[in-house]
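What the coordinates show
Below, each chain spelled out in residue letters.
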Amino acid sequence: MILDRRSALKFLGLSSAAAAFAGALKAEGLQAAPNASAGLPYALTTPVHIEEAALRVRNLDIMVAYYRDVLGLREIRKTEDGIVLGAGSEALLHLIHRPDANQESQRSAGLFHIAYLMPSREDLARWLVHAAMLRVYIDGFADHNVSEAIYLTDPEGNGIEVYSDRPRERWTWQGDLVTMGTEPLDIDDILRLADTSRDTYVSAPQSLRIGHIHLRVGEIAKARAFYQDRMGLASTRGDRPNAAFLASGGYHHHIAVNTWNSEGASLRDSRDTGLDWFSLRVMETSLHAEQKRRFAESGAVQAVDGGFETTDPWGTKVRLLAS
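Residues numbered from 1 in each chain as written. Predicted model: local features only at pLDDT ≥ 70, side-chain atom pairs only at ≥ 80, totals over all residues. Heavy atoms only, no water.

A closer look at the overall build of the protein chain
Within the protein chain, the secondary structure is distributed over seven helices and 18 strands. Across the protein chain, the fraction of contacts at a sequence separation of at least 24, relative to all contacts at a separation of at least 6, is 73%. Accessible surface, the protein chain: about 14,100 Å² in total, of which carbon and sulfur atoms supply 47%. (Helix = DSSP H or I, 4+ residues; strand = E, 2+ residues; numbered from the N terminus. Contact = heavy atoms within 4.5 Å. Areas by Shrake-Rupley, 256 points an atom, 1.4 Å probe, with all protein chains shown as cover.)

Set out below in structure tokens:
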């Protein structure tokens, strides 16, 4: 199958998520292609960065199959209540089995998407061919100036972004604010970097990581107080009435929040599906201590392995782990 823009849009835009399983390609005998770039992306080298996330899921088998077949994640280990998936030996996604959970409303606070950062544009191209050959349903494409992104939704309604960053020297800053737009994605140009006649994306690149987390919240001011003032992340896109983009170390954003569908949302129900917790790695000991002090002053903190856990105003657990 040779892909051009027309066939890519046909397969990526018109197929269904269920077809990802019915039409999954067999990879027996194939060797994984080497990562196109060495080392970790810039997003993972900043003083604070995203590390892992956990989802409460109803159908564990279907969710494991989706993330394995579509993103190429592998099983890292089984837990008492689920499975941990990752890239190489790095744990990224915990699937917590809650078979009796209620489906979380898209109007509640919670997860907007987890964004999986490809190590390179070449890796994104290989994944795009893979997704097309699996006939995975794609929600949308976007060129955000700083990055190129593809959006989809897992079988239980959790948003996913698969993206690669443009080189940092090509980002446009005005003071502390970065230019991030939403433009049409040049699929043709991305596909030039991959073999479109076959699927070479056998597994996720070893350096695949979660680059950022985007959340639905009930109020932007409260979200800024929690993620910006107490956590210490910097605003990178200025004051907006219904969204905020926050980052560490000059990245475009590690955490985004919006009220596009969730304005006024109250405390989440822990019996629902969706995001249970996510973690951030804090590379500086003094910063981690200051974060713990600020969160302890304004609310409860609980010790977890390697750091502490707190809860945002809508009930999402956030773990801050010392390096």
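So, unusual backbone geometry
One non-glycine residue, Arg135, lies in positive phi territory at about 60°. Inspection of the secondary structure puts Arg135 in the loop between α4 (121-134) and β6 (140-143). Since its relative accessible area comes to 42%, Arg135 is described here as partly exposed. (Buried < 20%, exposed > 50% of the residue type's maximum accessible area, 1.4 Å probe, protein only.)

Topic: helix α6 (residues 220-230)
Residues Ile220, Ala223, Arg224, Phe226 and Tyr227 constitute the buried set of α6. In the stretch just after α6, Gly232 is the one whose phi turns positive, near 90°.

Things to note about empty space enclosed by the protein
On inspection of all chains with the given rule, the structure shows one cavity of 30 Å³ or more. The space that makes up the largest cavity amounts to roughly 50 Å³. Around the largest cavity sit Gln103, Glu104, Gln106, Leu111, Glu156, Gly157, Asn158, Arg216, Thr273 and Gly274, which together line it. Looking at side-chain class alone, the lining of the largest cavity contains one nonpolar, six polar and three charged residues. (1 Å grid on protein atoms, 1.4 Å probe; cavity = no way out; pocket = protein on both sides within 12 Å on 5 of 7 lines; lining within 4 Å. Points joined across faces, edges and corners; volume = space filled by probe spheres on them. Nonpolar A, V, L, I, M, F, W, Y, C, P; charged D, E, K, R; others polar.)

Brief notes about the sheet that holds strand β8 (residues 159-165)
Spatially, eight strands are ordered β6-β7-β8-β5-β11-β14-β13-β12 in an open sheet, and the strand pairing comes out mixed. Of all the strands in the sheet, the pair left with one neighbour each is β6 and β12 (234-235). Direction of pairing for strand β13 (residues 243-247) relative to strand β14 (residues 255-258): antiparallel, over a ladder of four bridges. Counted as the bridge partner of Ala244 is Val257 from β14. Set on the sheet, α4 makes contact with β6, β7 (147-153) and β8; between it and β7 the angle comes to about 30°. (Pairing = 2+ DSSP bridges. Axes fitted to C-alpha atoms, helices over the stretch in contact; angles between N-to-C directions.)

Some thoughts on the sheet that holds strand β17 (residues 307-311)
Spatially, β2-β3-β4-β1-β15-β18-β17-β16 is the arrangement adopted by the eight strands of the open sheet, whose pairing is mixed. Unpaired on one side and paired on the other, β2 (74-79) and β16 (302-304) mark the two borders of the sheet. For this sheet the average axis-to-axis angle between neighbouring strands, irrespective of direction, equals 25°. Across five bridges, the pairing between strand β1 (residues 48-57) and strand β4 (residues 90-97) is parallel. Bridged to Arg56 within β4 is Ile96.

Some points on the nonpolar core
Core analysis: the biggest nonpolar cluster contains 70 residues, and Tyr67, Trp127, Tyr227, Met231, Ile255 and Phe278 have the highest contact counts within it. Counting residues per element, this core draws most heavily on α4, at eight residues. With sequence-adjacent residues up to four places away left out, Tyr227 is seen in contact with Leu215, Gly232, Leu233, Leu246, Ile255, Val257, Phe278, Asp312 and Val318. If you look at the next biggest cluster of nonpolar residues, it comprises 14 residues, including Ala43, Leu117, Tyr151 and Met180. (Core = buried A, V, L, I, M, F, W, Y, C linked by side-chain atoms within 4.5 Å.)

Remarks on the packing of helix α3 (residues 60-71) against α4
Interaxial distance between α3 and α4 falls to 9 Å at its minimum, and their mutual angle equals 125°. Considered as vectors, α3 and α4 are oriented oblique to each other. Each of Asp69, Val70 and Leu71 in α3 lies in contact with α4, whose residues at this interface are Trp127, His130 and Leu134. Considered class by class, the residues forming the contact of α3 with α4 number four nonpolar, one polar and one charged. (Parallel < 35°, antiparallel > 145°, perpendicular 65-115°, else oblique.)

A word on the environment of Leu320
Among the secondary structure elements, Leu320 is positioned in strand β18 (residues 317-322). On the accessibility criterion, Leu320 (0% relative accessible area) is buried. Each C-alpha atom of the pair Leu320 and Glu309 lies 6.2 Å from the other, and the pair is 11 residues apart in sequence. Discounting chain neighbours no more than four positions away, the residues touching Leu320 are Met231, Leu280, Val282, His288, Gln291, Phe295, Gly307 and Phe308.

A closer look at the pattern of salt bridges
Summed over the entire model, instances satisfying the criterion amount to 22 salt bridges. Ionic pairing is found between Arg121 and Asp189, a salt bridge with its closest N-O pair at 2.9 Å. Of this pair, Arg121 sits in helix α4 while Asp189 sits in helix α5 (residues 187-191), placing them 68 residues apart in sequence. Given a relative accessible area of 21%, Arg121 falls into the partly exposed group. For Asp189, a relative accessible area of 28% puts it in the partly exposed group. Put simply, Arg224 and Asp239 hold a salt bridge, and the shortest N to O gap is 4.0 Å. Residue Arg224 is found in helix α6, and its partner Asp239 is found in the loop between β12 and β13; the two are separated by 15 residues along the sequence. A relative accessible area of 13% means that Arg224 is categorised as buried. (Salt bridge = Lys/Arg side-chain N within 4 Å of Asp/Glu carboxyl O.)

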